[in-house]
Amino acid sequence: MPLLTGAEPFRHEGGQTAVLLCHGFTGSPQSMRPWAEHLAERGLTVSLPLLPGHGTRWEDLRVTGWQDWYAEVDRELRLLRDRSARVFVAGLSMGGALALRLAALHGDAVSGVMVVNPANKVHGVAAHALPVLRHLVPATKGIASDIAKPVTRELGYDRVPLHAAHSLRNFFRLVDSELPQVTQPLLLMRSPQDHVVPPADSARILSRVSSRDVSEVLLEQSYHVATLDYDAELIFRESTAFIGRLAPGAVREPGLGKEGTTAGG
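Fair warning: this is a prediction, and the values are worked out from it, not measured in the lab.

Criteria and thresholds
- Residues numbered from 1 in each chain as written.
- Predicted model: local features only at pLDDT ≥ 70, side-chain atom pairs only at ≥ 80, totals over all residues.
- Heavy atoms only, no water.
- Helix = DSSP H or I, 4+ residues; strand = E, 2+ residues; numbered from the N terminus.
- Buried < 20%, exposed > 50% of the residue type's maximum accessible area, 1.4 Å probe, protein only.
- Lys, Arg positive; Asp, Glu negative; His and termini not counted.
- Salt bridge = Lys/Arg side-chain N within 4 Å of Asp/Glu carboxyl O.
- Contact = heavy atoms within 4.5 Å.
- Pairing = 2+ DSSP bridges.
- Axes fitted to C-alpha atoms, helices over the stretch in contact; angles between N-to-C directions.
- Parallel < 35°, antiparallel > 145°, perpendicular 65-115°, else oblique.
- Left-handed = near helix turned anticlockwise from the far one by under 90°.
- Nonpolar A, V, L, I, M, F, W, Y, C, P; charged D, E, K, R; others polar.
- 1 Å grid on protein atoms, 1.4 Å probe; cavity = no way out; pocket = protein on both sides within 12 Å on 5 of 7 lines; lining within 4 Å.
- Points joined across faces, edges and corners; volume = space filled by probe spheres on them.

Asks: Give a description of the side chain of R169 that names residues and reports values.
Replies: With respect to the secondary-structure elements, R169 resides in helix α6 (residues 162-178). Among buried Asp, Glu, Lys and Arg side chains, R169 stands out as unpaired, with D201 the closest opposite charge at 12 Å. Those residues in contact with R169 that sit more than four places away from it in its chain are V122, A127, H128, L130 and P131.

Laid out in structure tokens, this is it:
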């Protein structure tokens, strides 16, 4: 199937510090593109892959599972590690869970973690019925575009395939068990008004990780897809400051060369 316009993956070759960005369930790189471009403009190498089953039609997501989504970001991380001195991982919603698992399993290969409204559990009574319900009902209503900012829309599916949702539920359980293995510096940014992922998910993550360097930022003016919402610039500022603190010299102002040097000099 052809990709939806705007769902294309994003890659930028910058300096020796890289950032891997992971989009959310039923979404696409479009929800993370402004963040990716901001990081790229500041001299960082950036990879924002399209997860399998996403960016086309919801039926394509139905035949994929968490192993496919995680394998994609794991492959990207390994590629970045081969050509970068440092790699940070970041994610939105389910992408946050993917980023946390990368950190848990790859250890020192990941320099820091940045997550926005990270998901940790499939909530509601229906979640417990997924093992059976997914064989009876192909899909339910979508979760895309929970954004406070008028007119702004997330490029995501209007349906959630229940086979994929069941796999997502299993993935969250796995990641939750691995959270104590996360020791890297963590920047967690969350929206108090989120109609997709409740505050309990962020609280659970913060209580389970072993990171000693932890920062929590509230995105007061945004809903779930905060990377496209009123607090997007706050996310960009906080993440570049986080990277700059942990990797001095890696972040530059637009117009300068790689790793803080003058272009051409």
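Asks: I'd love a proper account of the sheet that holds strand β2 (residues 17-22), names of residues and values included.
Replies: Reading across from one edge, β1-β3-β2-β4-β5-β8-β9 is the order of the 7 strands in this open sheet, with mixed pairing throughout. In this open sheet, the two edge strands, each paired with only one partner strand, are β1 (10-12) and β9 (214-218). The mean inter-strand angle of the sheet, taken between neighbouring strand axes irrespective of direction, is 15°. Taken together, the 5 bridges between strand β4 (residues 86-92) and strand β5 (residues 112-116) define a ladder with parallel strand orientation. By the bridge assignment, G91 is partnered in β5 with V115.

Asks: Summarise the packing of helix α3 (residues 66-83) against helix α4 (residues 94-106); cite the residues concerned and give the values.
Replies: Axes are the key here: two packed helices are described by the angle between their axes and the distance separating the axes. Two elements in contact, α3 and α4, have axes separated by 10 Å at closest approach and are oriented at 60°. Looking at the two axes, α3 sits oblique to α4. Relative to α4, α3 is oriented so that their crossing is right-handed. Note on element contacts: α4 touches α3 through M94, L98, R101, L102, L105 and H106, opposite W66, W69, Y70, V73, D74, L77 and R78. Among the residues forming the contact of α3 with α4, the class breakdown is 9 nonpolar, 1 polar and 3 charged.

Asks: Describe empty space enclosed by the protein, and please don't skip the residues or the numbers.
Replies: This model, assessed by the stated rule, comprises 2 cavities of 30 Å³ or more. Around the largest cavity sit G24, F25, T26, L92, S93, I143, A144, E154, V196, H224 and V225, which together line it. Of the residues belonging to the lining of the largest cavity, the class tally is 6 nonpolar, 4 polar and 1 charged. Of the voids in this model, the second largest cavity is the one considered here, and its volume is about 40 Å³. Contributing to the lining of the second largest cavity are N117, P118, R190, S191, D194, V197, P198, P199 and S202. In terms of residue class, the lining of the second largest cavity is made up of 4 nonpolar, 3 polar and 2 charged.

Asks: Any details on the packing of helix α1 (residues 33-41) against helix α8 (residues 232-246)? Residues and values, ideally.
Replies: α8 packs onto α1 with a crossing angle of 40° between their chain directions and a minimal axis gap of 10 Å. Between α1 and α8, the crossing angle belongs to the class labelled oblique. Where α1 crosses over α8, the two elements pack in a sense that is right-handed. Packed against α1, whose contacting residues are P34, W35, H38 and L39, the element α8 presents I235, F236, S239, T240 and I243 at the interface. Each residue belonging to the contact of α1 with α8 can be placed in one class, and the counts come to 6 nonpolar, 3 polar and no charged.

Asks: Describe the pattern of salt bridges, naming the residues involved and giving the relevant values.
Replies: A complete count under the given rule lists 13 salt bridges for this structure. A salt bridge links R83 to E13; the nearest nitrogen and oxygen atoms lie 3.3 Å apart. Within this pair, whereas R83 is found in helix α3, its partner E13 is found in the loop between β1 and β2, the two being separated by 70 residues in sequence. The residue R245 makes a salt bridge to D213 at a minimum N-O spacing of 2.9 Å. Placement of the pair is R245 in helix α8 and D213 in the loop between α7 (199-208) and β9, with a sequence separation of 32 residues. Because the salt bridges share partners, they merge into one network encompassing R11, E72, R75 and E76.

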